[in-house]
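Architecture at a glance
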Amino acid sequence: MKKSLLIFSALFCAVQIQAQNVVEIITPDPYYSGVITTGVPFLLIAADARGAALGDMGVATSVDPFSQQWNASKYAFSETKQGVGLSYTPYLSKLVNDISLSSINYFNRLNERSAFAASFRYFGLGEIEFVEDENQTPYIVKPNEFALDVSYALRLSDEFSMAVVMRYVNSDLKIPNANTDTSPASTFNVDITGFYQSEEQAYNSFNGRYRFGFAIQNIGPTFKYDEGGQENFQPTNLRLGAGFDFILDDYNKVTLTTEFTKLLVPTPPLTGNVLVFDDVNGDGEYDVADGDILISDTDNVILEGKSNDVGFMKGMFQSFGDAPGGFSEEMQEWTWAIGAEYYYQDSFAFRAGYFHESPDKGARQFFAIGAGFKYNVIGLDLSYLFSASKIPSPLENTLRFSLTFNIDREAYREY
């Protein structure tokens, strides 16, 4: 729909005859893409190797120390009393070696019904050197962003829990300049999540367990990087997921999980120029140089879609029905992923996943594989990404690492 509209408009324009010699010519923006952009996008990068290996998902997977990023409600189902997770993700590793995303997570299951967690994510963009001439000593800056959050999860029934996450975000990307404000941009947001995990059920040749999860993440106000800059939406997003455990015997388990995600951010409208001419000589050619009168000249007129100059709350609801291409374009704004895990004796895991985003909305498409190893209280997870899109992924051919420590592993043994 979007492409058809642009091609039609570019070839023929939209000409409406309002009087005998007065015409209105509408020219759409030829550079319109429809891709949604936000501030602090690092919040959407999978920080842990397990979630990355499953295709960047985790809202309905089983609990682990990194559940804070995906669905903090899962902590209320942890069989482990406490846990710590450390992760490291190289970024743009094919181009540079000093950009990375690191995180540290801690959770504590306070009692049978509640849990507390905290995490810190740091996105470092390496060192950038600035010089005015060959005689000047380079001036080095280190742009970075970080997020600090805490959560509380409460088990509302034996099979369902919810959680609230409060997050502080700081983005220091500006280059120091004597003429501008170089203080970091900062803001806050919250997550609201829910998680359902059924009891183990017996089937003909195996036992099974269902899991469902949802998360509305990064709900917060728009913010500016400087006083004169534009308002930026935070990457508010909705995650919906489901999974099933095939418990084959005491040693072998296979888990299948799928997840759907949508940014709850307004889609940029299709804009264009509107020129209204009075064809004075009536020759059907509309040019001021021929003596025609340009009655009005208006640019950035919304041709399709809705204005995205709205508050964050209105923008969340508007995001479900504001795409210029209508329902078909709205559906393109959903991403989906599917993943599988195989566990042997809860000490070895093999994982694989696929992530898909519409070519018109970012074109992130990739396969991922990974493995996990546990010995006593220590766990190590690895993942590797293969791009399946014509647009290379910044994480293509990147090996990610996560390290976990599970303290008092069977303090809440339920399953």
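Our subject is the structure that appears above.
Everything quoted here is computed from the prediction, not taken from an experiment.

**Some thoughts on the overall build of the protein chain**
Regarding its fold elements, the protein chain presents 5 helices and 21 strands. Within the protein chain, the fraction of its 415 residues that count as buried is 45%. In the protein chain, of all internal contacts separated by at least 6 residues, the share reaching a separation of at least 24 is 60%. Counting only carbon and sulfur atoms, one obtains 59% of the accessible surface of the protein chain, whose full area is about 20,500 Å².

**Let's talk about the layout of surface pockets**
Approximately 980 Å³ is the volume attributed to the second largest pocket. Lining the second largest pocket are 37 residues; nearest its centre among them are Pro41, Leu44, Leu263, Glu357 and Arg364. Elements with a contribution of two residues or more to the lining of the second largest pocket: β13 (237-247), β14 (252-263), β19 (365-375) and β20 (378-387). By residue number, the principal contributor to the lining of the second largest pocket is β14, which donates 3 residues. Residue composition of the lining of the second largest pocket, by class: 19 nonpolar, 10 polar and 8 charged.

**Quick look at the pairing of strand β17 (residues 334-344)**
Where burial is concerned, the two faces of β17 differ: the one with Thr335, Ala337, Gly339, Glu341 and Tyr343 is buried and the one with Trp334, Trp336, Ile338, Ala340, Tyr342 and Tyr344 is not. Sheet topology places β14 next to β17; 11 bridges connect them, and they run antiparallel. Counterpart to Asn252 in the pairing with β17 is Tyr344. With 9 bridges joining them, β17 and strand β18 (residues 348-356) adopt antiparallel strand pairing. When the sheet's bridge partners are listed, Gly339 is paired in β18 with Gly353.

**Some details on the environment of Pro143**
Among the secondary structure elements, Pro143 is positioned in the loop between β7 (139-141) and β8 (144-155). Apart from the residues within four sequence positions on either side, Pro143 is in contact with Phe123, Gly124, Leu125, Gly126, Ile128, Asp172 and Leu173.

**What about the environment of Ser161?**
Relative to the assigned elements, Ser161 resides in strand β9 (residues 160-172). In sequence terms Ser161 and Ser114 are 47 residues apart; their C-alpha atoms lie 8.8 Å from each other. Every residue in contact with Ser161, bar those within four places of it in the chain, is listed here: Ser73, Ala76, Phe77, Leu154, Arg155, Leu156, Thr193, Gly194 and Phe195. A polar contact is formed between the side chain of Ser161 and the backbone oxygen of Ser73, at a distance of 2.8 Å.

**Some words on the packing of aromatic side chains**
Inspection of the entire model under this criterion finds 20 aromatic pairs. Summarising the aromatic geometry, the rings of Phe348 and Phe373 are spaced 5.6 Å apart at their centres and angled 55° between planes, so their arrangement reads as tilted. Taken together, the residues Phe348 in strand β18 and Phe373 in strand β19 connect sequence positions 25 residues apart. For Phe348, a relative accessible area of 30% gives the class partly exposed. An aromatic cluster is defined as three or more aromatic residues linked by ring pairs; in this entry it consists of Tyr196, Tyr203, Phe206, Tyr210, Phe212, Phe244 and Phe246. In this structure, Arg155 is placed above the aromatic ring of Phe77, and the distance from its NZ or CZ to the ring centre is 4.2 Å. In this arrangement the basic side chain of Lys262 is found over the ring face of Phe320, its NZ or CZ atom lying 5.4 Å from the centre.

Parameters and conventions
Residues numbered from 1 in each chain as written. Predicted model: local features only at pLDDT ≥ 70, side-chain atom pairs only at ≥ 80, totals over all residues. Heavy atoms only, no water. Helix = DSSP H or I, 4+ residues; strand = E, 2+ residues; numbered from the N terminus. Buried < 20%, exposed > 50% of the residue type's maximum accessible area, 1.4 Å probe, protein only. Contact = heavy atoms within 4.5 Å. Areas by Shrake-Rupley, 256 points an atom, 1.4 Å probe, with all protein chains shown as cover. 1 Å grid on protein atoms, 1.4 Å probe; cavity = no way out; pocket = protein on both sides within 12 Å on 5 of 7 lines; lining within 4 Å. Points joined across faces, edges and corners; volume = space filled by probe spheres on them. Nonpolar A, V, L, I, M, F, W, Y, C, P; charged D, E, K, R; others polar. Pairing = 2+ DSSP bridges. Polar contact = N/O pair within 3.5 Å; in protein donor to acceptor, adjacent residues only side chain to side chain. Phe/Tyr/Trp six-rings, centres within 6.5 Å; stacked < 30°, edge-to-face > 60°. Lys NZ or Arg CZ within 6 Å of the ring centre and 35° of its normal.

In short, the description is geometric, and any link to function would need to be established separately.
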